[in-house]
Amino acid sequence: MKNILIIGSTGQIGTELAMALRKCYGNDHVVAGYIPSMPPKGELLESGPAEIVDITNAQQIADVVKKYQVDTIYNLAALLSAVAEQKPQLAWQIGLGGLFNTLEVARELGCAVFTPSSIGAFGPETPKDKTPQDTIQRPKTMYGVTKVSGELLSDYYFKRFGVDTRSVRFPGLISNVAPPGGGTTDYAVDIYYAAVKEGKFTCPIKPGTYMDMMYMPDALRACMDLMEANPSRLVHRNSFNIAAMSFAPEEIAAAVKKLVPELEVTYEVDPLRQGIAESWPNSLDDSCARAEWDWKPEYDLDSMSLDMIQTLKARFGK
């Protein structure tokens, strides 16, 4: 990777990935693509180039790729799972129409493309524990439908046109930087903020509901490591299972209570998010990622919780 464009740079992943890429490859070599309603701010705006890139506008993508001689595109534009259920037409337009635009630009101008998939690409018929890399994928949400379709479309562009497409299936991502944006797993971010700021948390997911999760530093490293991986080792491309930890709400609550003993947790289940959560795997088998590009997470539940609480307490002066 020499010159990189991030589409969706001001979203939940893009905000942090842009800064990580700039630190690695140089500020001037990473273009933060954004839409006017979500402009970059602070360090993201000041540290390097930024351009308006609406993923539904193929010409706009091509113009920026040519202007900056981009060779790698990180396509992070998407509606998150719960939001996508409220706006399914827009979710398709951004998730699939936007990906098609990106892949066409990549085909014409010779770019590699990273487009994240998700545990949402699986459905209720998928084996729930240690979900295999290659297994049945029949999601029941628009978010999941766009992710499965995106995996297939990206593989097609690699096999048919030689576009260097790669991706990972993200579990729920937990960050101390970007606020949650309407995902089913966002409760696992909210609990840390609530613990530090209010000492009370109302959980929308019921006890005993397991989902795969990952701390954002591991997720960012996975993106970058996969894009730098030797292509001759890659048996799979779109998309790799990656995993770090799997827990239920009562387990993350217990981990947070070790650090914030006064935390009070109650449950008020959101039927929409609960239904989505129950259709997803409990845990993923990431052995292919480990074998093909040496994937290995650095954080578990306890080490992540300690870092989250320390960071948020310092931020909020607690």
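See above for the structure.
Residues numbered from 1 in each chain as written. Predicted model: local features only at pLDDT ≥ 70, side-chain atom pairs only at ≥ 80, totals over all residues. Heavy atoms only, no water.

Participant: Explanation requested: the environment of Arg22 in the structure shown.
Facilitator: Locating Arg22 in the fold gives a position in helix α1 (residues 14-25). Sequence-wise, Arg22 and Val148 are 126 residues apart; in three dimensions their C-alpha atoms are separated by 30 Å. Those residues in contact with Arg22 that sit more than four places away from it in its chain are Asn27, Val30, Val31, Ala32, Glu43, Leu44, Ser47, Gly48 and Pro49. A polar contact of 2.7 Å, which involves the side chain of Arg22, links it to the backbone oxygen of Leu44. (Helix = DSSP H or I, 4+ residues; strand = E, 2+ residues; numbered from the N terminus. Contact = heavy atoms within 4.5 Å. Polar contact = N/O pair within 3.5 Å; in protein donor to acceptor, adjacent residues only side chain to side chain.)

Participant: How should the sheet that holds strand β2 (residues 30-34) be read in this particular structure?
Facilitator: Each strand in a sheet pairs with another by means of backbone hydrogen bonds, the pair being arranged parallel or else antiparallel. The six strands lie next to each other as β3-β2-β1-β4-β5-β7, forming an open sheet whose pairing is parallel. Two strands in the sheet have a free side with no partner beyond their single neighbour: β3 (50-52) and β7 (165-166). Across two bridges, the pairing between strand β5 (residues 112-114) and β7 is parallel. Residue pairing across strands places Val113 opposite Thr165, the latter belonging to β7. (Pairing = 2+ DSSP bridges.)

Participant: It is not clear to me how the pattern of salt bridges should be interpreted in this structure. Could you clarify?
Facilitator: Should their charged atoms come close, side chains of opposite charge can pair. Taken as a whole and assessed by the stated rule, the structure comprises 15 salt bridges. A salt bridge links Arg107 to Glu108, with the shortest nitrogen-to-oxygen separation between them at 3.8 Å. You can call Glu108 exposed: its relative accessible area is 54%. In this structure, the salt-bridge partner of Arg221 is Asp225, at a minimum N-O distance of 3.7 Å. In this pair, Arg221 and Asp225 are both assigned in helix α8 (residues 216-228), four residues apart and thus about one turn of the helix distant. Classification of Asp225 as partly exposed rests on a relative accessible area of 34%. When salt bridges that share partners are traced, they join Asp218, Arg221, Asp225 and Glu298 into one network. (Salt bridge = Lys/Arg side-chain N within 4 Å of Asp/Glu carboxyl O. Buried < 20%, exposed > 50% of the residue type's maximum accessible area, 1.4 Å probe, protein only.)

Participant: Mind showing me how you'd approach unusual backbone geometry here?
Facilitator: Most peptide bonds take the trans form, and the phi angle of most residues other than glycine is negative. Between Asn238 and Ser239 the backbone carries a cis peptide bond, its omega angle lying at 10°. Within the element layout of this structure, Ser239 appears in the loop between α8 and β12 (240-241). For Lys130, which is not glycine, the phi dihedral falls at a positive 50°. Residue placement: Lys130 occurs in the loop between β6 (117-118) and α6 (142-161).

Participant: Even after reading the chapter, I still don't get empty space enclosed by the protein, so can you show me in this structure?
Facilitator: In this approach the atoms are scanned with a rolling probe the size of a water molecule, which exposes any empty space left behind. Under the definition given, this model contains one cavity of 30 Å³ or more. For the largest cavity, the calculated volume is near 160 Å³. Ranked by the residues each element gives to the lining of the largest cavity, the list is headed by α6, at six residues. Residues of the lining of the largest cavity, tallied by class, amount to seven nonpolar, 10 polar and two charged. (1 Å grid on protein atoms, 1.4 Å probe; cavity = no way out; pocket = protein on both sides within 12 Å on 5 of 7 lines; lining within 4 Å. Points joined across faces, edges and corners; volume = space filled by probe spheres on them. Nonpolar A, V, L, I, M, F, W, Y, C, P; charged D, E, K, R; others polar.)

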